[in-house]
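Working through the structure, step by step
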Amino acid sequence: MTSSSSPSQDTKRLAHTYPEGLRADALMEEDVAWSLEIDGERDGDQFDRSERAALRRVAGLSTELEDVTEVEYRQLRLERVVLVGVWTSGTMQDAENSLAELAALAETAGALVLDGVIQRRDKPDAATYIGSGKAEELRDIVLDTGADTVICDGELSPGQLIHLEDVVKVKVIDRTALILDIFAQHAKSREGKAQVALAQMQYMLPRLRGWGQSLSRQMGGGKGGGLATRGPGETKIETDRRRIREKMAKMRREIAEMKTGREIKRQERRRNKVPSVAIAGYTNAGKSSLLNRLTGAGVLVENALFATLDPTVRRAETPSGRLYTLADTVGFVRHLPHHLVEAFRSTMEEVGDADLILHVVDGSHPVPEEQLAAVREVIRDVGATDVPEIVVINKADAADPLTLQRLLRVEKRSIAVSARTGRGIRELLALIDDELPRPSVEIEALVPYTHGKLVARAHDEGEVISEEHTPEGTLLKVRVHEELAAELMPYVPTPAG
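Residues numbered from 1 in each chain as written. Predicted model: local features only at pLDDT ≥ 70, side-chain atom pairs only at ≥ 80, totals over all residues. Heavy atoms only, no water.

Quick look at the packing of helix α9 (residues 175-186) against helix α10 (residues 190-204)
The line we're drawing: Comment: axis = line fitted to C-alpha atoms, over the contacting stretch for helices; angle = value between 0 and 180 degrees taken between N-to-C directions. The way it works is that DSSP assigns letters per residue, a run of H or I at least four long becomes a helix, a run of E at least two long becomes a strand, and they are numbered from the N terminus. Relative orientations are named as follows: roughly parallel for angles under 35 degrees, roughly antiparallel for angles over 145 degrees, roughly perpendicular for angles from 65 to 115 degrees, and oblique for any other angle. In a left-handed crossing the near helix is turned counterclockwise from the far helix by less than a right angle, and in a right-handed crossing that turn is clockwise. In what follows, residue pairs with any heavy atoms lying within 4.5 Å of each other are defined as contacts.
Contact geometry of α9 with α10 gives a least axis separation of 10 Å together with a crossing angle of 155 degrees. Compared by their axis directions, α9 and α10 come out roughly antiparallel. In terms of crossing hand, the pair formed by α9 and α10 is left-handed. Packed against α9, whose contacting residues are Thr176, Ala177, Leu180, Phe183 and Ala184, the element α10 presents Val196, Ala199, Gln200 and Tyr203 at the interface.

Here it is in structure tokens:
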């Protein structure tokens, strides 16, 4: 194995090669120069300094229409945006996938994506996210494309937001604000709207800014005003912050009241011993399509991110005749804003209280493993790690067969289905039947016809193994829970003789 030169030898070599005045520059560029002796043992491609630090254009992100006859349609689009990402870890493909997802989010919000750039950095710049020099390059791109908004693929601090806007001279928003905007557009129920409004106010509070009159102070206390003041009073922006805090407190009380109603419904299902199944998964993985296929719920299905936000709960039946509930939950996404996790916690509790989770993943996605990891991170946040999970690989009709084989091999409890064509749905129903908790007591009882309610409850709450109508009553062999078993005990036939 060839040994690398020591640092002192490298310095001597550079001192010999370059004149005195250029020695410092040469030392700065030491990692650019390549030689077999020094770099022969490195693995992988080594980027030049200029290439590592440059903004890299990401091909294929522009959604601008080419046909000049469609100018009127283009004018209907809400905003023209340029996307900016900072590549801090992982591969370039990972960074481009993240920016492609940001482009899909921007389109869902109604924007027109004009361009997308990625910069390689160890960490985002504390002042302008991408550094002052690259921010000026970004301003030139904005001018060239005619964009009116810049969207950053990360959550910006209030300072980064202000400084970057000062340089590029157009509106700047981050990934969190974009997702909040999509949620605000798609929320339909009273609870969903309240949760989104709370998340927006949590995000907005530290980012309020004031200009002119917004920074002026109000008159302090005292009779008659004028010089009779006790202090400078609060500024307009301080008043806005106080009002937002008051609205947030009111919104939290309203959400808590709505949470009580949801909890009462869950307790009723528990009292009736109805098992529950929650559908969780990445946004646009096909959760609503799967719910419609399993129950005929008629929930909105659209090829868009976060098309449905409001949870839907439907009754369903296993092939063996057992009733259970199926709940569709809000979709997840990588780097899901913390404000949303908190605001939608009452909705996500459907996952934590379920007896089984159907974790839906898009089998046609380039990297479905990333979707699985992002969803499991949120499931951990809501405390649902102990709930049994079935990985449902959806869109099997459009997925790469090798990807399907890989997922089925890695995920031990998984099944490939297609909610669109119905492939694998029968097998999924059988798997749900096997995985749902079963009643613990097996009992045989001869129930008189005057107690038909017990027979009906045995069908609803338990698992009927056999049923026979005799002159004395209904002879049932069932598997039920302990409470119902106690009610059936008086009708257990005594042994003959």
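Structure shown, so let's carry the discussion forward.
Some points on the sheet that holds strand β14 (residues 474-480)
We apply this condition: When DSSP finds two or more bridges between a pair of strands, those strands are recorded as paired.
Read from one edge of the open sheet, three strands run β12-β14-β13, paired in antiparallel fashion. Each of the sheet's edge strands pairs with one partner strand only, and the pair in question is β12 (441-447) and β13 (463-469). Put simply, the sheet's adjacent strands are angled 10 degrees from each other on average, direction ignored. Summarising the sheet, β13 and β14 pair through six bridges and their orientation is antiparallel. Bridge pairing in β14 links Glu463 to Arg479.

As for the pattern of salt bridges
For side chains bearing opposite charge, pairing can occur when the charged atoms are close. What counts here: By salt bridge we mean one thing: a side-chain nitrogen of Lys or Arg within 4 Å of a carboxyl oxygen of Asp or Glu.
Tallied over the entire structure, the rule returns 16 salt bridges. Residue Glu411 pairs with Arg376 through a salt bridge whose shortest N-O separation is 2.9 Å. Here Glu411 is found in the loop between α16 (401-410) and β11 (414-416), whereas its partner Arg376 is found in helix α15 (residues 368-381), with 35 residues between them in sequence. One salt-bridge network, held together by shared partners, links Glu101, Asp153 and Arg175.

Quick notes on the sheet that holds strand β10 (residues 389-394)
Strand order in this open sheet of six strands is β7-β8-β6-β9-β10-β11, and the pairing throughout is mixed. Each having just a single partner strand, β7 (312-317) and β11 make up the two edges of the open sheet. Across the sheet, the mean angle separating the axes of adjacent strands is 25 degrees when strand polarity is ignored. Relative to strand β9 (residues 356-362), strand β6 (residues 276-281) runs parallel, the two being bridged by five bridges. Within β9, the residue paired with Gly281 across the bridge is Val360. Along the sheet, helix α12 (residues 287-295) contacts β6, β7, β8 (323-328), β9 and β10; its crossing angle with β8, the most-contacted strand, is approximately 155 degrees. With respect to the sheet, α15 is in contact with β6, β9 and β10, its orientation differing from that of β9 by roughly 145 degrees.

Details of unusual backbone geometry
Just so we agree on the cut-off: The rule is simple: take the accessible area with a 1.4 Å probe, protein chains only, and divide by the maximum for that residue type; under 20% is buried, over 50% is exposed, in between is partly exposed.
The phi dihedral of Tyr129 falls on the positive side, at around 75 degrees, and the residue is not glycine. A positive phi angle, close to 60 degrees, is found at Lys395, a residue other than glycine. Counting through the fold element by element, Lys395 comes out in the loop between β10 and α16. Take Lys395: its relative accessible area is 23%, and that puts it in the partly exposed class.

Topic: the packing of aromatic side chains
The cut-off we apply is this: Side-chain rings of Phe, Tyr and Trp (the six-membered ring for Trp) are treated as a pair once their centres are within 6.5 Å; stacked means planes under 30 degrees apart, edge-to-face means over 60, and tilted covers the remaining angles. Only when the NZ of Lys or the CZ of Arg is both within 6 Å of the ring centre and within 35 degrees of the ring normal is a charge said to sit over the ring.
Following the criterion strictly, the structure yields zero aromatic pairs and no others. Between the NZ or CZ atom of Arg120 and the centre of the ring of Trp87, over which it lies, the distance is 4.4 Å.

Looking at the nonpolar core
Note the cut-off: We define the nonpolar core as a collection of buried residues of types Ala, Val, Leu, Ile, Met, Phe, Trp, Tyr and Cys that are connected through side-chain atoms lying within 4.5 Å of one another.
Counting 65 residues, the largest nonpolar core has Leu290, Phe332, Leu358, Val392 and Leu428 as the members making the most contacts within it. Per element, the largest residue contribution to this core is seven residues, and it comes from helix α6 (residues 92-108). Contact partners of Leu428, with chain neighbours within four places excluded, come to Leu290, Leu294, Leu358, Val392, Ile415 and Val417. Of all hydrophobic cores here, the second largest spans 21 residues; its members include Val82, Val84, Cys152 and Leu164.

A word on the pairing of strand β3 (residues 111-120)
Where burial is concerned, most of β3 is hidden: nine out of the 10 residues are buried. In this sheet, β3 lies alongside strand β2 (residues 79-87) in parallel orientation, the contact comprising nine bridges. Of the residues in β3, the one forming a bridge with Val84 is Val117.

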